[in-house]
Amino acid sequence: MAGKRFRCLLICLFLFGMVLTAAPAASAEARTNGGKGIASLDELAGADIAVQTGMICDVLAQQRIENVKIQYYNAQTDALIALETGKARGWCCDEPVARYMGLTHPDVVVLEEELAESDLAAVFPKTEKGQKLRDQYSAFVDGLWADGTMAAIDAVWFSTDEEKRTVLDYSALPDTNGTLIMTTDTTIPPFSFVKDGRPMGYDIDVAARFCQANGYRLQVVQMSFDSILAAVQTGKCDFAASSITITDERKESVLFSTPDYRGGVVMAVLKEASAAAPEKTTFWSGIASSFEKTFLREDRWRLFADGTLTSLIIAVLSILLGTLLGFGVYMMCRKGNPLANGVTRFCMWIVQGMPVVVLLMILYYIVFGSVSVSGVIVAVAGFTLTFGSTVFSLLKMGVGTIDRGQYEASFTLGFSDRTTFYRIILPQALPHILPAYKSEIVTLIKATAVVGYIAVQDLTKMGDIVRSRTYEAFFPLIAVTVIYFLLEGLLAFLVSRIQIRVNPKRRKAEDILKGVNPDDKN
Amino acid sequence: MIKIEHLKKTYPNSVPLRDVSVEINDGDVIAVIGPSGTGKSTLLRCICLLEKPTEGRVLIDGTDVTDPNCNSDLARRKMGMVFQSFNLFGHMTVIENIMLAPQLLLHRNRQEAYNEGMRLLRMVGLAEKALNYPEELSGGQKQRVAIARTLAMDPEIILFDEPTSALDPTMVEEVQAVIRELAGTGKTILIVTHEMSFARSISNRVFFMDEGRICEDGTPEQIFDHPLNEKTRRFVRKLKVLELGIKSRDYDFLAMYTEIDKYCVKNRIPWKITQYLHMAFEEMVRQLTSPELPPPDIQTAIEYSESAETVEMSIRYTGPSFDVTRGGEELSMKVLKSTMPEITYTFDPNAEYSNRVLLSWHC
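Student: Could you give an account of the side chain of Asp94(A), naming the residues involved and the relevant values?
Tutor: Residues and elements named next belong to chain A. Note that Asp94 resides in strand S3 (residues 90-94). In this structure, Asp94 is buried with no salt-bridge partner, the nearest side chain bearing the opposite charge being Arg250 at 7.4 Å. Discounting chain neighbours no more than four positions away, the residues touching Asp94 are Met55, Cys57, Ser118, Leu120, Ser243, Thr245, Gly264, Val265 and Val266.

Student: An account of the sheet that holds strand S4 (residues 55-60) of chain B is needed here, citing residue identities and associated values.
Tutor: Where strands meet in a sheet, backbone hydrogen bonds hold them as pairs that are either parallel or antiparallel. Residues and elements named next belong to chain B. Here four strands make up an open sheet; going across it, the order is S2-S1-S4-S5 and the pairing antiparallel. At either end of the open sheet lies a strand with only one pairing partner, and these are strand S2 (14-24) and strand S5 (63-64). Bridge analysis of S4 against S5 gives two bridges, and the strand direction is antiparallel. What sits directly across from Leu59, in S5, is Asp64. Together, strand S1 (2-11), S2 and S4 form the strand contacts of helix H1 (residues 40-47), whose direction differs from that of S1 by roughly 120°.

Student: For the packing of helix H12 (residues 338-353) of chain A against helix H14 (residues 375-400) of chain A, give the residues involved together with the corresponding values.
Tutor: All names here are of chain A. Their axes nearest at 10 Å, the elements H12 and H14 cross at an angle of 125°. Here H12 lies oblique to H14, going by the angle between them. In the crossing of H12 with H14, the sense of the turn from one axis to the other is left-handed. Between H12, through Thr344, Met348, Val351 and Gln352, and H14, the contact on the second element is made entirely by Leu385, Thr386, Ser389, Thr390, Phe392 and Ser393. Considering only residue class, the contact of H12 with H14 consists of four nonpolar, six polar and no charged.

Student: So what about H1(B)? Which residues, and what values?
Tutor: Among the eight residues of H1(B), seven are classified as buried, and the element is accordingly described as predominantly covered. One or two residues past the end of H1(B) sits Leu49(B), with phi positive at roughly 65°.

Student: Please set out the sheet that holds strand S13 (residues 310-317) of chain B residue by residue, giving values where relevant.
Tutor: Residues and elements named next belong to chain B. On the basis of which strands lie adjacent, the open sheet formed by five strands has the order S11-S12-S13-S15-S14 and antiparallel pairing. Strand pairing shows two members of the sheet lacking a second neighbour, strand S11 (239-246) and strand S14 (342-347), which therefore form its edges. Across this sheet, the average inter-strand angle for adjacent strands is 15°, counted without regard to direction. Bridging between S14 and strand S15 (residues 355-362) involves six bridges; their strand directions are antiparallel. The residue of S15 that forms the bridge with Thr346 is Arg356.

Student: Provide a residue-level description of the environment of Ser370(A), including the pertinent values.
Tutor: All names here are of chain A. Structurally, Ser370 can be placed in the loop between helix H13 (356-367) and H14. Accessibility expressed as a relative area gives 74% for Ser370, which makes it exposed. It is 7.5 Å that separates the C-alpha atoms of Ser370 and Gly235, two residues lying 135 residues apart in sequence.

Student: So, the pairing of strand S5 (residues 116-124) of chain A: which residues are in play, and what are the values?
Tutor: All names here are of chain A. With respect to burial, S5 is a largely interior element, seven of its nine residues being buried. As judged from the five bridges shared by S5 and strand S13 (residues 261-270), these two strands associate in the antiparallel manner. Residue pairing across strands places Asp119 opposite Arg262, the latter belonging to S13. Examined bridge by bridge, S5 and strand S11 (residues 239-245) share three bridges and lie antiparallel to one another. When the bridges of S11 are listed, Ala121 appears paired with Ile244.

Student: Kindly report on the side chain of Ser354(B), identifying the contributing residues and their values.
Tutor: Along the polypeptide, Ser354(B) turns up in the loop between S14 and S15. A distance of 2.8 Å separates a polar atom in the side chain of Ser354(B) from the backbone oxygen of Gly319(B).

Student: Describe in detail the pattern of salt bridges, supporting the description with residues and values.
Tutor: Residues and elements named next belong to chain B. In the structure shown here, the tally under the stated rule is 42 salt bridges over all chains. Between Glu230 and Arg234 there is a salt bridge, with its nearest N and O atoms 3.2 Å apart. In this pair, Glu230 and Arg234 both sit in helix H9 (residues 230-236), four residues apart, roughly one turn of the helix.

Rules behind the numbers
Residue positions are counted from 1 within each chain, in the order its sequence is given. Whichever chain is written first becomes A and whichever ligand is written first becomes 1, with later ones labelled in order. With pLDDT at 70 or above as the cut-off, local features in this predicted model cover only qualifying residues; side-chain atom pairs require 80 or more to be listed or tallied, and sums for whole chains, interfaces and linings still use all residues. Hydrogen atoms and water are omitted, and side-chain values are computed over all heavy atoms in the structure. Every helix listed is a DSSP run of H or I at least four residues long, and every strand listed is a run of E at least two residues long, numbered separately from the N terminus. The buried label applies to any residue whose accessible area, calculated with a 1.4 Å probe on protein chains only, is under 20% of its type's maximum; exposed applies above 50%, and partly exposed to all values in between. A positive count includes Lys and Arg, and a negative count includes Asp and Glu. His and the chain ends are not counted in either. Any Lys or Arg side-chain nitrogen found within 4 Å of a carboxyl oxygen on Asp or Glu counts as a salt bridge. In what follows, a contact means two residues having at least one pair of non-hydrogen atoms within 4.5 Å. At least two DSSP bridges between two strands are required for those strands to pair. What counts as an axis is a line fitted to C-alpha atoms, over the stretch in contact for a helix, and the angles between N-to-C directions run from 0 to 180 degrees. Roughly parallel means an angle under 35 degrees; roughly antiparallel, over 145; roughly perpendicular, 65 to 115; everything else is oblique. Should the near helix be turned counterclockwise from the far one by less than a right angle, the crossing is left-handed, whereas a clockwise turn marks it as right-handed. Residue classes follow a fixed rule: Ala, Val, Leu, Ile, Met, Phe, Trp, Tyr, Cys and Pro count as nonpolar, while Asp, Glu, Lys and Arg count as charged, and any other residue, Gly among them, counts as polar. Polar contact is the term for a pair of N or O atoms within 3.5 Å; when the atoms are in protein, one must be able to donate a hydrogen and the other to accept it, and sequence-neighboring residues count only if both atoms are side-chain atoms.

Set out below in structure tokens:
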């Protein structure tokens, strides 16, 4: 019966996905009467502007244009989609990003007037070691500008010729002077993105050349843009290059190298609809092309597979360890030990009151700040804590439903407290606990989507990475959603099996009377 | 033998047990009776260590089981308890409920435990329900299984805490029959119950408890037929009592008048009798508080027995022998005397209140 339900669910999901994939076609019509044909910044007064969180574009746009309303998006892709679907009339971003998007989106046009000059550079921690490395890096970049190499790099990454867009194999460089860890957000092409399963782009090209010239091996760690400065400050990496704009405020906390890209902040708007009507595609060929781009091109399915595995590992380990932790703590607190209960209440107050993202960031950058530990382990630790406190609450609730009389009957038969708990109380509490436990597992799997903040390449993050390459609005999202549903279905199914096993009423008479001959007359 | 010494149990806002000292011999079948909230259940729960006494000791065969160093799990194996709410283990079948303790605690093998369990189930008449779950049984059946489960550990002492109070009246008899059968087997039994005839018929000893103490401890004949204690008498006869004391000539007559009214309405005493009570009270007390006599000290008690349908009023007062029934206004005394079959006056110079007038009416 469970299998049948599962199949129904899959069919529903598929239909849901098709509807959503078809949605952009409908919104394409909506945009014809949206904000097209804008020619100057002043025309955007009072309009909605899309920007990426963590950039300085929002401040610049507010200074330059009257009454603009800022919409914040987590990725440039989302900001672009907002522009294309008419949710925003302008998209404020760095010049190179707009320039790059222009290569694949002929309906997007960049306004001539720049909002600000802005240069991009690599950042280094404010330590003695960081200072030295920064000076070395700046000198190298100055050299690239002087001999014209920089112009050549620019030409490679801002071309549409995929063949040329590649970097040297930086992870195999000789580590004469050690290995440098560089953090970058791989959703910002052409500076940093994933191609053929490998981070590459303008920034990585420069960094790789620097490492090659100075005898370093390069290790690239991918993380969310929001976390990059935190990673540099706490020494989680040696430096970061991720299309980071030089600002005075940022200079207070980190060191910048010489600019490696001279650009500005610009505003992109939609072109008049008359130009270049999009070629008609049928629904099915649209889906086929989306599928090809999202999964097949550059073997991107590998990214999804890796991300799924990572998400699954984090979820399963957190569930197992969290259950053990919650159970262990419950057993210590069960008899009302005031110390154990006090400590537990305090820890639960902290863990449950805090957004998981903040908890993960604190664990990654502060608690494990000075030790080199993989983001996956930190994610498991963080979710073990949150899931442990959930299990603790569930046990408390479930055991609380058992009548006091059950304890008393067991004690008067002569059972110890321990036997009473394991043989009488827990078996009766479990059926109350498991349904809630199952839904908590589903919640946990969804909650793991935030681990991108601590440099973990989970399913959501992989979806973002692919989306930043393909500029597909929805297909990767739907794909990610379907995979999440499958993961949730799988784990919920396992718990259902346990649920059946612990239900005593499903036993047959032979099981109940195992090892007993009912007709024995002695 | 169970020896209880100055047992006391207090809670922050109540004192269920004040001071209980008693010895219970092996094979005693004791019915514990008394009004609600007088510590009957608490006494049983202290004996089987479900409650920790505030003061005092419980010795079972010479071992102090209330000693913190005593292994309470071991001590409990000698005892069994049957609860008002049955408390069968809901996740196990009837036979598993019975087999669990002998298997785990007495290390019987499954076959032995099963055979013994089935024997007990046959004894309580429920062998065919062995593979049913408790929720599939009626209340009376559940209680019989609970008794079988207790017997499976072969306890020397069995404590029954109101075993039939949660049952439908039609099922009380089937449970009582099982308990009655046990009463002759030599086990020590304490049973808290509100079923007086049942208590009387199975026990060889009765404790009447009131206000956290054992007020009277005696044979069923003594307790039910010739109680020594006034409270016992009122309880076993199911009397409803109103007591009024007068210590001064300036007592609040109206307040007492209202109290008699309220008491009569509450106990549904016929209006006619209420009138007589008022009349008698007024007549007697008026005489006893007259200025010619020394300052009064009068105790009035009205007792109503629902079963016998009688109302008795006793008026006791101090001082030398003085029969109020002979004095007073002749006419009103005559009217009063005409309402009742009898009115008696007794004088006992050694009693706290030497004079006593007893009036009684049939409803």
